[in-house]
Amino acid sequence: MNPAQLDDRRELLARLEQYYDAVPRSGARAEDFGPLTLFVREGQGWPFYARPALGRSGEVTAGDVARVRARQRELGIPESFEWVAETTPALRAAAEEAGLTVHEHPLMAIGPDAPVPALPEMPAGMELRTVGPGDPVLPSAVAVPHLAFADPGTGVGVAGTAELREAVRGLAGDGSVEHVAARVVAGLTVVAAAVEDGVALCAGQHQPVGAVSEIVGVGTLPAARRRGLGLAVTAALLADARSRGAGTVFLSAGDEDVARIYARLGFRRVATALIAEPAA
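Residues numbered from 1 in each chain as written. Predicted model: local features only at pLDDT ≥ 70, side-chain atom pairs only at ≥ 80, totals over all residues. Heavy atoms only, no water.

**Things to note about the overall build of the protein**
When helices and strands are counted, the protein shows eight helices and eleven strands. Its C-alpha atoms give the protein a radius of gyration of 19 Å, within 12% of the compact-globule value 19 Å for 280 residues. For the protein, the spread of C-alpha atoms along the principal axes amounts to about 55 × 45 × 35 Å. In the protein, which comprises 280 residues, the proportion classed as buried is 49%. Accessible surface, the protein as shown: approximately 13,000 Å² in total, 53% of it carbon and sulfur. (Helix = DSSP H or I, 4+ residues; strand = E, 2+ residues; numbered from the N terminus. Rg over C-alpha atoms; globule rule 2.2 N^0.38 Å. Buried < 20%, exposed > 50% of the residue type's maximum accessible area, 1.4 Å probe, protein only. Areas by Shrake-Rupley, 256 points an atom, 1.4 Å probe, with all protein chains shown as cover.)

**Quick look at the pattern of salt bridges**
Evaluated as defined, the whole model comprises 21 salt bridges. For Glu74, the salt bridge is made with Arg71, and the minimal N-O distance between the two is 3.2 Å. Separated by three residues within a single helix, Glu74 and Arg71 lie in helix H2 (residues 62-75), roughly one turn from each other. Counted as one network, the salt bridges with shared partners bring together Arg29, Glu31, Glu42, Arg71 and Glu74. (Salt bridge = Lys/Arg side-chain N within 4 Å of Asp/Glu carboxyl O.)

**Section: the packing of helix H4 (residues 138-150) against helix H5 (residues 161-171)**
Interaxial distance between H4 and H5 falls to 9 Å at its minimum, and their mutual angle equals 115 degrees. Relative to H5, H4 is oriented roughly perpendicular. At the point where H4 passes H5, the crossing takes the right-handed sense. Mapping the contact onto sequence places Pro139, Ser140, Val142, Ala143, Val144 and Leu147 in H4 and Glu163, Leu164, Ala167, Val168 and Leu171 in H5. Along the lines of polarity and charge, the residues of the contact of H4 with H5 split into nine nonpolar, one polar and one charged. (Axes fitted to C-alpha atoms, helices over the stretch in contact; angles between N-to-C directions. Parallel < 35°, antiparallel > 145°, perpendicular 65-115°, else oblique. Left-handed = near helix turned anticlockwise from the far one by under 90°. Contact = heavy atoms within 4.5 Å. Nonpolar A, V, L, I, M, F, W, Y, C, P; charged D, E, K, R; others polar.)

**So, the nonpolar core**
What tends to happen in soluble globular proteins is that the nonpolar side chains get buried as a cluster. In this structure, Leu138, Ile215, Leu229, Val233, Val249, Tyr262 and Phe267 are the most contacted members of the largest nonpolar core, which totals 50 residues. Element by element, the count of residues in this core is highest for helix H7 (residues 229-243), at nine residues. The next biggest cluster of nonpolar side chains, apart from the first, holds 18 residues, and it includes Val60, Val68, Ala98 and Leu100. (Core = buried A, V, L, I, M, F, W, Y, C linked by side-chain atoms within 4.5 Å.)

**What to know about the packing of aromatic side chains**
Two aromatic rings, taken as a pair, are described by how far apart their centres are and by the angle between their planes. Applying the stated criterion across every chain, the model contains six aromatic pairs. Arranged with centres 6.5 Å apart and planes meeting at 75 degrees, the rings of Tyr19 and Tyr20 form a pair that is edge-to-face. Look at Tyr19 and you get buried, because its relative accessible area is 3%. On the accessibility criterion, Tyr20 (9% relative accessible area) is buried. For the pair Phe39 and Tyr49, a centre-to-centre distance of 6.3 Å together with 75 degrees between the ring planes defines the contact as edge-to-face. Residue Phe39 is located in strand S2 (residues 36-41), and its partner Tyr49 is located in the loop between S2 and strand S3 (50-52); the two are separated by ten residues in the primary sequence. Residue Phe39 shares its accessibility class with Tyr49, and that shared class is buried. Ring-pair connections join several aromatic residues into one group, and the members of that group are Tyr19, Tyr20 and Phe250. (Phe/Tyr/Trp six-rings, centres within 6.5 Å; stacked < 30°, edge-to-face > 60°.)

**Considerations on the packing of H4 against helix H6 (residues 176-185)**
It is the contact of H4 with H6, at a shortest axis distance of 10 Å, that shows an interaxial angle of 110 degrees. Classed by the angle they form, the pair H4 and H6 counts as roughly perpendicular. From H4, Leu138, Pro139 and Val142 reach across to H6, where they touch Ser176, Val177, Val180 and Ala181. A per-class count over the contact of H4 with H6 returns six nonpolar, one polar and no charged.

**Quick look at the pairing of strand S10 (residues 248-252)**
Within a regular beta strand, the side chains point alternately toward one face of the sheet and then the other, so they alternate between its two faces. Counting buried residues along S10, four of its five residues qualify, which places the element largely inside the surrounding structure. As paired strands, strand S5 (residues 101-110) and S10 are joined by four bridges and run antiparallel to one another. Following the sheet pairing, Met108 is matched in S10 by Leu251. Where strand S9 (residues 212-220) and S10 come together, three bridges link them in parallel fashion. The partner of Glu214 across the bridge, within S10, is Phe250. Taking the sense of rotation as the criterion, the β-α-β connection linking S9, H7 and S10 turns out right-handed. (Pairing = 2+ DSSP bridges. Right-handed = clockwise from strand over helix to strand, strands pointing away.)

Given below as structure tokens:
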């Protein structure tokens, strides 16, 4: 990179740090552990994580990580840490010394000057749309990423519509669908889905904060993979984010194969997202 490109990347990563600190605060409380902040979910939804404290530049030690892990165990939440390698490089050694396994994921972004790609043509009988808070598709749009992440990768899997119906039944009464609906109403979350016969076979979200939004949780029902649905849902989320004024849109790809799919929409790798957790 030339000096101008390096400055642009530093500016981008600084914006992402501000975003990472801001976005959990709408649904979590922040607990201060010196160089680390633990976000604790209040209400339903995916559990949050610990990450470097915004604006702190001090050393992070294995002892700091161990103190956060003890608090996570006390709360009964996952012992999970997330950060950007290029922004907080010392945290990896501290996490590994504290006994955690660190996973790398391509961190990709698309800037305000990149054109928004046209939405891809959907297979016959399939509709691509954003999902409102009262849409009957919302429960399956909330459920389908759970099945997708339970069977990672891009290959066609076993779980199909029967398993999806069971997953939707499992969500009934636990408040998770209502939680997402409330966030949609508040403008904190946008849900998009590829819908067939009234069921979301692929869904994801973006979460705008000012001029930045992250695309998260894009998952396709394993039996419905290899039909371009994840790419289509991501394109719809990108278009919606831009329509809401998000100049910078970013995401973390599961692996290099998934990153190549996102690159077809104009996303480019800007850094490496790291997740640390206990070994399986």
